[in-house]
Every structure is written in structure tokens, then in C-alpha cells.
Amino acid sequence: MNDYDLLVVGSANADLVIGVERRPGAGETVLGSDLAVHPGGKGANQAVAAARLGARTALLARVGDDGHGRLLLDSLRAAGVDTVGVLVGGAPTGVALITVDPSGDNSIVVSPGANGRLTPGDVRAAGSLFHASRVVSVQLEIPLETVVEVVRSLAPDSRFVLNPSPPRPLPREVLDACDPLIVNEHEAKVILGDARVSDRAEDWARLLLAKGPRSVVVTLGGEGALVADKGGVSRVPSVPVRPVDTTGAGDAFTAALAWRLGRGEALEEAAAYAVRVGAATVTRKGAQDSFPTQADLAAL
């Protein structure tokens with residue numbers, strides 16, 4: 001029996017959030033709201049989102065020995081995440097600078113800090129976590145060589161989920177392990193490059209499948225999602241909500257999808273559940289503060 005439904009390997013950041021009426025242009029200064037500091041980072045976000053839904057979750061990450069690191073550890077533990085794999089020290093905790101406009105859209109700049117010091121050696125030292133986990137979920141706010149080592153450390157019966165954010169070209173070894181590869185429109189464009197010869201998400205999914213992943217999910221914001229595997233391509237409808245802040249919605253979607261896949265659900269079924277989780281997330285401000293529980297989903 002697996003000790004964990006989900007092991008997340010990735011980043012842990014302090015989110016520094018400012019609301020703005022509009023984003024500044026080059027050389028321009030705009031006034032914003034008071035600064036708010038929240039626990040974030042794609043790895044920590046996914047771990048908290050999954051734990052809030054009821055998944056037995058562990059996180060492998062690195063934070064600094066500072067106030068932001070303590071904020072993150074407190075948030076993870078409060079959500080029920082096992083932090084045995086969270087390493088401390090080596091660099092300051094990573095920071096994300098986030099602006100949110102009145103429509104709820106955000107722009108993010110990340111200073112990796114300690115996330116950039118999560119090494120392949122750290123992954124090898126955490127072998128017991130990999131062998132105790134049904135699903136392993138990763139993003140790209142940590143070094144690519146560390147992601148490669150995660151693929152090499154997977155247990156034979158575990159499933160690998162990758163959200164390539166921020167996007168970059170990926171080695172075939174990583175692409176071949178993805179089940180699924182989860183991308184939004186921007187990430188799909190970067191990975192496909194010149195191969196993107198169409199504006200249809202269905203075509204992107206087929207082209208991405210041809211690069212090696214066992215399955216692909218394309219998130220489409222307010223239009224839901226699209227899933228693709230050897231059985232074909234299908235759309236998953238959206239849940240209509242009034243968005244307040246989209247920060248963390250993709251992380252919540254990925255966490256929910258990974259957890260449900262680990263429970264044995266089919267890709268389309270798991271994606272439908274994840275769309276509901278993502279929709280619930282955008283109705284609240286912040287990242288981890290906005291992640292729903294099962295009770296929140298029932299009320300959606």
C-alpha cells in the first residue's frame with residue numbers, strides 16, 4: 001500500500017501580491033493596493049490543494065532559513081501536507097512578485113532562491129518518498145536536471161504528471177514519462193515551437209502526443225479543458241463562475257487531476273473534477289487561501 005496519494009516535487013515561494021487597475025507599460029509607474037504576502041510556489045500550491053481535497057500528500061522542496069520559509073512550512077502543515085521532504089537552507093526562500101488586475105488576471109515574476117538549489121542529489125536522497133507514492137507531480141520552477149532525476153527515481157508502479165511551467169524545451173526522457181503532460185495555451189506554444197501549425201487546441205494536443213507523452217491535457221481557462229491519449233481527443237466543459245483572482249488555479253487543477261488519476265479514474269473523468277476545482281479556486285483571492293475543500297466543491 002502507498003503511504004501517499006501524491007508526492008509533489010517542486011517550488012515553494014512567498015507570493016508578494018499587489019492589485020493594480022492596469023499593468024504598467026515600459027518605463028511606467030502605476031499605483032497599486034497594499035502589499036499582501038501569501039504562501040505560494042507551484043509545488044507548495046499543488047501540495048496544499050491536494051491535501052485540502054483529502055489526498056495524502058508529501059512535498060519535496062527547498063526553502064530558506066528565513067521568515068518566508070517558516071510561513072511556507074506553517075501553511076503546508078496546517079493543510080495536512082507531510083513536510084518530511086522540505087529541505088531548509090542554502091539560499092533565501094523563493095519569491096513571486098504578482099500583480100492582479102480588476103478582471104482577476106495576473107502577471108508573475110519569480111525569483112527562484114532556494115528552489116534553484118533543489119538538486120538531483122536531493123531527489124536521490126528522498127528515494128523512500130518516491131517508492132511510497134502513487135503519483136508524482138512536478139513543475140519547472142526547479143532545475144531541469146532535477147526534473148530529469150525525478151523521472152529516473154520513479155517507482156515502477158507510480159504515475160508521473162508534469163506541468164511545464166514556466167515552459168522550456170524538454171528532453172525526450174521527460175516527455176516520454178508524462179501521463180499526462182498538462183499545458184495551457186502559452187505552454188503548448190513554447191513546447192511545440194514551429195510545429196504549432198494550427199490555432200485549434202485539438203491539434204496542439206495531437207502534436208504534443210506525438211512528442212512522446214502517454215497523455216496530454218490542455219487547460220482552456222473559462223472554456224474548460226481538453227484531454228488526449230491514444231483513445232482520442234475530447235473536450236471537458238467549464239463550470240461558469242465569476243472570476244476574482246486566477247492565481248493558483250492551474251496548480252489546483254493539476255493537483256486535483258493528479259490525485260484523481262491516482263485513485264484510478266479515467267483521464268476525462270479526472271479532468272472534469274479538476275475543472276470544478278479550478279473554477280472554485282478563481283472565485284477567491286490569493287493562491288493557497290483560495291483552494292477549495294470537498295465541502296466547497298459541493299456548494300459550487
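Predicted, not measured: the structure shown is a model, and the values here were computed from it. (Residues numbered from 1 in each chain as written. Predicted model: local features only at pLDDT ≥ 70, side-chain atom pairs only at ≥ 80, totals over all residues. Heavy atoms only, no water.)

*Asks:* Just checking my understanding: could you explain the packing of aromatic side chains for this structure?
*Replies:* The description of an aromatic ring pair rests on the distance of the ring centres and on the angle between the ring planes. One pass over the full model with this rule turns up one aromatic pair. Across from the ring centre of Tyr273, 3.8 Å away, lies the NZ or CZ of Arg260, which sits over that ring. The ring centre of Trp259 lies 5.1 Å from the NZ or CZ of Arg263, which sits over that ring. (Phe/Tyr/Trp six-rings, centres within 6.5 Å; stacked < 30°, edge-to-face > 60°. Lys NZ or Arg CZ within 6 Å of the ring centre and 35° of its normal.)

*Asks:* What is the right way to look at the environment of Arg124 in this model?
*Replies:* Among the secondary structure elements, Arg124 is positioned in helix H3 (residues 120-125). For the pair Arg124 and Val282, spaced 158 residues apart in sequence, the C-alpha separation works out to 36 Å. (Helix = DSSP H or I, 4+ residues; strand = E, 2+ residues; numbered from the N terminus.)

*Asks:* What exactly am I supposed to notice about the sheet that holds strand E6 (residues 94-100) here?
*Replies:* Picture the strands of a sheet paired through backbone hydrogen bonds; they go either parallel or antiparallel. Strand order in the open sheet made by the four strands is E3-E2-E6-E7, with mixed pairing throughout. Sheet topology places strand E3 (36-40) and strand E7 (106-111) at the edges, where each strand pairs with a single neighbour. Here the average twist between neighbouring strands, direction ignored, is 25°. Alignment of strand E2 (residues 13-19) against E3, held across five bridges, turns out to be antiparallel. By the bridge assignment, Leu16 is partnered in E3 with Val37. Here helix H2 (residues 67-79) sits on the sheet in contact with E2, E3 and E6, set at roughly 60° to E3. (Pairing = 2+ DSSP bridges. Axes fitted to C-alpha atoms, helices over the stretch in contact; angles between N-to-C directions. Contact = heavy atoms within 4.5 Å.)

*Asks:* How should the side chain of Asn45 be read in this particular structure?
*Replies:* Here Asn45 is to be found in helix H1 (residues 42-53). In this structure Asn45 touches Pro39, Gly40, Gly248, Asp251, Ala287, Gln288 and Phe291, once residues within four positions along its chain are discounted.

*Asks:* Please explain the nonpolar core as it appears in this structure.
*Replies:* Generally speaking, a soluble globular protein has its nonpolar side chains buried in company with each other. Membership of the largest hydrophobic core comes to 45 residues, with the highest contact counts inside it found for Leu59, Leu76, Val81, Val217, Phe253 and Leu257. Those elements that provide at least two residues to this core are strand E1 (4-9), H1, strand E4 (57-63), H2, strand E12 (225-229), helix H9 (249-262) and helix H10 (267-281). The contact partners of Val217, leaving out residues within four places of it in the chain, are Pro180, Leu181, Ile182, Val183, Ala225, Leu226, Val227, Phe253, Leu257 and Leu267. Of all hydrophobic cores here, the second largest spans 41 residues; its members include Val123, Leu144, Ile191 and Val218. (Core = buried A, V, L, I, M, F, W, Y, C linked by side-chain atoms within 4.5 Å. Buried < 20%, exposed > 50% of the residue type's maximum accessible area, 1.4 Å probe, protein only.)

*Asks:* Looking at this structure, how should I read the side chain of Glu141?
*Replies:* As for its position among the elements, Glu141 is in the loop between strand E8 (133-138) and helix H5 (144-153). Reaching out from Glu141, the side chain makes a polar contact with the side chain of Ser11 at a distance of 2.4 Å. Of note is the side chain of Glu141, whose polar atom sits 3.2 Å from the backbone nitrogen of Lys42. Excluding its chain neighbours within four sequence positions, the residues that come into contact with Glu141 are Ser11, Asn13, Gly41, Lys42, Val110, Asn115, Ser165 and Pro166. (Polar contact = N/O pair within 3.5 Å; in protein donor to acceptor, adjacent residues only side chain to side chain.)

*Asks:* Help me understand the packing of H1 against H2 in this model?
*Replies:* Two measures define how a pair of helices packs: the angle their axes make with one another and the distance between the axes. The geometry of H1 relative to H2 is characterised by a closest axis approach of 8 Å and an angle of 20° between their N-to-C directions. Considered as vectors, H1 and H2 are oriented roughly parallel to each other. Judged by the twist between their axes, the crossing of H1 over H2 is left-handed. Facing Ala44, Ala47, Val48, Ala51 and Arg52 of H1, the residues of H2 in contact are Leu72, Ser75, Leu76 and Ala79. A breakdown of the residues in the contact of H1 with H2 according to their chemical character gives seven nonpolar, one polar and one charged. (Parallel < 35°, antiparallel > 145°, perpendicular 65-115°, else oblique. Left-handed = near helix turned anticlockwise from the far one by under 90°. Nonpolar A, V, L, I, M, F, W, Y, C, P; charged D, E, K, R; others polar.)

*Asks:* Explanation requested: the environment of Ala255 in the structure shown.
*Replies:* When you line up the elements, Ala255 lands in helix H9. Each C-alpha atom, one on Ala255 and one on Val109, is 22 Å from the other, the two residues being 146 residues apart in sequence. Dropping the residues within four chain positions of it, Ala255 is found in contact with Leu6, Gln46, Ala49 and Ala50.

*Asks:* When you look at a nonpolar patch on the surface in this model, what are you seeing that I'm missing?
*Replies:* Side chains of Ile18, Leu35 and Val37 sit close together on the surface and give an oily, nonpolar patch of about 240 Å² of accessible area. With respect to the element layout, Ile18 can be found in strand E2. (Patch = residues over 30% accessible without salt bridge, like charges linked within 9 Å, V, L, I, M, F, W, Y side chains within 5 Å. Areas by Shrake-Rupley, 256 points an atom, 1.4 Å probe, with all protein chains shown as cover. Salt bridge = Lys/Arg side-chain N within 4 Å of Asp/Glu carboxyl O.)

*Asks:* What am I meant to see in the environment of Pro112 here?
*Replies:* One can find Pro112 in the loop between E7 and H3. For Pro112, a relative accessible area of 41% gives the class partly exposed. Measuring from C-alpha to C-alpha, the distance between Pro112 and Arg276 comes to 30 Å, with 164 residues separating the pair along the chain. Ignoring sequence-local partners within four residues, the contact set of Pro112 consists of Asn13 and Gly94.

So yeah, pure geometry; function would need other evidence.
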